[in-house]
Amino acid sequence: MNTFLNSDIKFLKGVGSVRAEILNKELGIFTFADLLTYYPFRYVDRSKFYRISEIDQETSFIQIKGKIKHFEEIGPQRSTRLVAFFTDGEREIELLWFRSVKYIKSLLKIGEEIVVFGKPTFYKGTINITHPELDSVANRQKAAALEGVYHTTEMMKKRRVESKAIRMMLESISNDERLDVPEIFSEEICKKYKLIPRRKAFRFIHHPPSIKHVEAAQHRFKFEELFMLQLPFIRQKIKRGEAASGIKFESINPIFEEFLTEHIPFSLTGAQESVLSEIKSDFCSGKQMSRLLQGDVGSGKTIVAFLCVLMAVDNGYQASLMAPTEILAIQHYIGLKELADKIGLEIGLLTGSSTTKARRVLHEKLENGKIKLLIGTHALIEDVVKFKNLGLSIIDEQHRFGVAQRAKLQDKGKLNPHVLVMTATPIPRTLAMSVYGDLDYSLIDEMPAGRKAIKTAHRFGFAREKVWTFIKDEIARGRQAYVVYPLIEESEKLHYKDLNNGYDQLLEFFPRPEYQVEMLHGKMKPADKEAKMKDFAEGKTNILVSTTVIEVGINVPNASIMVIESSEKFGLSQLHQLRGRVGRGAEQSYCILLSSKKLSENAKTRLKAMVGTTSGFELSEIDMQLRGFGDIAGTRQSGLDQLKLASLTTDANIADTAREAIVALLQSDPDLENHQTLKHFLSSRQGHKAWEKIA
Ligand code: ADP
Ligand code: MG
């Protein structure tokens, strides 16, 4: 169907195989349809002509009518430049070309009235425009007033496939009578959500008569994108709601109450309370819970999880808690065992490196129901692990796991256990609703009382000694510190050179026995890891030198300094997670970002952002601007890369209306039997095969 739009881009007039290859490689454009959905990133008003005298430092793209007086080639032969002296009758500017000099020269005609278009820059007192667009006055008079500007890469510019070339290609698609763009939404939806027809929208977005038309077209496509993105998740959620009956936790909660009144070491925040009551009502609903619990680092998700475990236990069920790293699993085990002991609850730990003997004992106690809570890594989803009656599966730091693993855990129980997934990834609400659209959503939006904002500073490596001196002072006041080295992938190939060197240097500055400096990394034996973690948690170790294994979840409230070596090598979300290891107690905490002096622009922005804010939400916004959605932890494969126009941060209201439209549509026509065009579109490449994902 629709062979025209699916045609290979090389068959488009003016493209051919060389340019097609450039479009494939540089922009991922393979078909006519791909090009049609390659939208301008801004528009210029070509109805206005400027005088040279009007140009100032602020002027962006402009066009001027005038004549070339003369031109010349300057510079050495290998790198000649072409300079043309251009006047509007009043004043003069220079037009400059560094590439395709020969070709351009053949186009220039002295004394003929032409139109130049480009961005003026000031250089040593003269104004010039580099690589301007040239046009005849007659051509300009025929052309549209508003013109789309398309992103092109450096490589494309070199090969003279620039914005103008893209615009011309699009014109030849738009003018082709074989172009057939069927409407995919029903009349009802178009009317209700004020969507202009699809075909018109393509015309207006590429060749707009006015800005109003651009806006109408953008609105239509934003809605469409957000519709395609969310539909699979929403359909899944509806299906789950119909199918999965769940375990009902209905008895009164003696253990829960005992713990809450007698043993909990603090009072819950309002946010924790309200999240708990949301979960409670899920537990009582008779349907399987599938809930995402989001809360920034340090907001107190673990205790919420533990209280949920107690509700399950009160009702005669077991629970599991899965963590993405062994170190985090161990820490949860140590921390929660202390709480569980107070109420006589037996809990177990299972990781990839648990011994066969330990496993045998665990398996038995799980099957006879003695162990009420099993904590572990993804070893938990190995097939041999059988529970007597699993009622609740909790996944911590969910963004580290794939969807498939989540599903597998769900299969563990004989019935459908309730599922609670927790994440600190500070993604905006709309984003969460889209990426985790098949889950219900709770948010802890409040930090425990008495926390002080972490002070963050960026220092270059040569200031390291000062930093160590500062740490000495803090240690003297009873505090502890982390020093983290980047070791992003803990593969066999990478050795621990930086970490080991750093550790040796620290030992010199913090000699034994006065100081205790210890090292922790992923390759150590679990028993050693446990011992190191325990020593640090109990305050026996002053400084823990570590790789990023401590990135997620680790909780030692007395640790108040986080030093991150080579911080320019980390992404923003990772830096935020690492910083989140401090600021967990009542003391003032510090995060010191060390870096080399040579920094990329991107790295500078990241470090500046870290110094500027401690808000995970703000940082994730910046992260999105820097990297795009595709890279945000946990959102890969979620389809966010299909958003070309829509932004989940600024188009939240369109995302909401699209969701409303989807729900209404699926209620009346769950399998889209009466919406074949839409269904077909959803199954196609253009529709991102959204329907196939859920079929
Ligand atoms: P995260 O949400 O990052 O997993 P944790 O659950 O590790 O955070 O909690 C961080 C710290 O805050 C822990 O030391 C925990 O005991 C403490 N905490 C949690 N809730 C409260 C509260 N309501 N009042 C005071 N401290 C709390
Ligand atoms: Mg945590």
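For the structure itself, look to the data block above.
Now for a look at the structure at hand. (Residues numbered from 1 in each chain as written. Chains lettered and ligands numbered in written order. Predicted model: local features only at pLDDT ≥ 70, side-chain atom pairs only at ≥ 80, totals over all residues. Heavy atoms only, no water.)

**A short note on the site of ligand 1**
The environment of ligand 1 is made up of 17 residues, and the closest members are Gly298, Lys301, Thr302, Arg451 and Asn555. Between Gln272 and ligand 1, the recorded distance is 2.9 Å, taken from a side-chain N or O atom to a nitrogen atom. Between ligand 1 and the protein, one listed contact pairs an oxygen atom with a side-chain N or O atom of Arg451 at 2.7 Å. Surface burial for ligand 1 is 85%, taken as the share of its 570 Å² of free accessible area covered by protein chains. Grouping the amino acids of the shell around ligand 1 by side-chain chemistry returns 5 nonpolar, 8 polar and 4 charged. Each of domain 3 (254-444) and domain 4 (455-613) contributes no fewer than three residues to the shell around ligand 1. (Near = heavy atom within 4 Å. Polar contact = N/O pair within 3.5 Å; in protein donor to acceptor, adjacent residues only side chain to side chain. Areas by Shrake-Rupley, 256 points an atom, 1.4 Å probe, with all protein chains shown as cover. Nonpolar A, V, L, I, M, F, W, Y, C, P; charged D, E, K, R; others polar. Domains from an automatic or database assignment.)

**Some remarks on the pattern of salt bridges**
Under the counting rule described, the total for this entry stands at 33 salt bridges. Between Lys365 and Glu346 there is a salt bridge, with its nearest N and O atoms 2.6 Å apart. Taken together, the residues Lys365 in helix 14 (residues 356-367) and Glu346 in the loop between helix 13 (326-342) and strand 12 (347-350) connect sequence positions 19 residues apart. By relative accessible area, Glu346 is classed as partly exposed at 30%. (Salt bridge = Lys/Arg side-chain N within 4 Å of Asp/Glu carboxyl O. Helix = DSSP H or I, 4+ residues; strand = E, 2+ residues; numbered from the N terminus. Buried < 20%, exposed > 50% of the residue type's maximum accessible area, 1.4 Å probe, protein only.)

**Let's talk about unusual backbone geometry**
With omega at 0°, the peptide bond leading from Arg512 into Pro513 counts as cis. Tracing the backbone shows Pro513 in the loop between helix 18 (497-509) and strand 19 (517-520). One non-glycine residue, Lys124, lies in positive phi territory at about 45°. We classify Lys124 as exposed; its relative accessible area is 74%. Despite not being glycine, His131 has its phi angle at roughly 45°, a positive value. Mapped onto the secondary structure, His131 falls in the loop between strand 7 (126-130) and strand 8 (133-136).

**Here we look at the side chain of Thr613**
With respect to the element layout, Thr613 can be found in the loop between helix 21 (601-612) and helix 22 (616-627). The class of Thr613 is buried, set by a relative accessible area of 10%. Discounting residues that sit within four places of it in the chain, Thr613 has contacts with Arg579, Glu618 and Leu619. (Contact = heavy atoms within 4.5 Å.)

**What to know about the nonpolar core**
Soluble globular proteins tend to bury their nonpolar side chains together. Formed by 46 residues in total, the largest nonpolar core has its most connected members in Phe259, Val304, Ile375, Leu392 and Leu420. Residue contributions to this core peak at 11 residues, all from helix 12 (residues 301-314). When residues no more than four places from it in sequence are discounted, the contact partners of Leu420 are Ile279, Met289, Arg291, Leu293, Cys308, Leu392, Ser393, Ile394 and Ile395. Counting 36 residues, the second-largest nonpolar core is a separate cluster that includes Ala20, Leu23, Tyr38 and Leu146. (Core = buried A, V, L, I, M, F, W, Y, C linked by side-chain atoms within 4.5 Å.)

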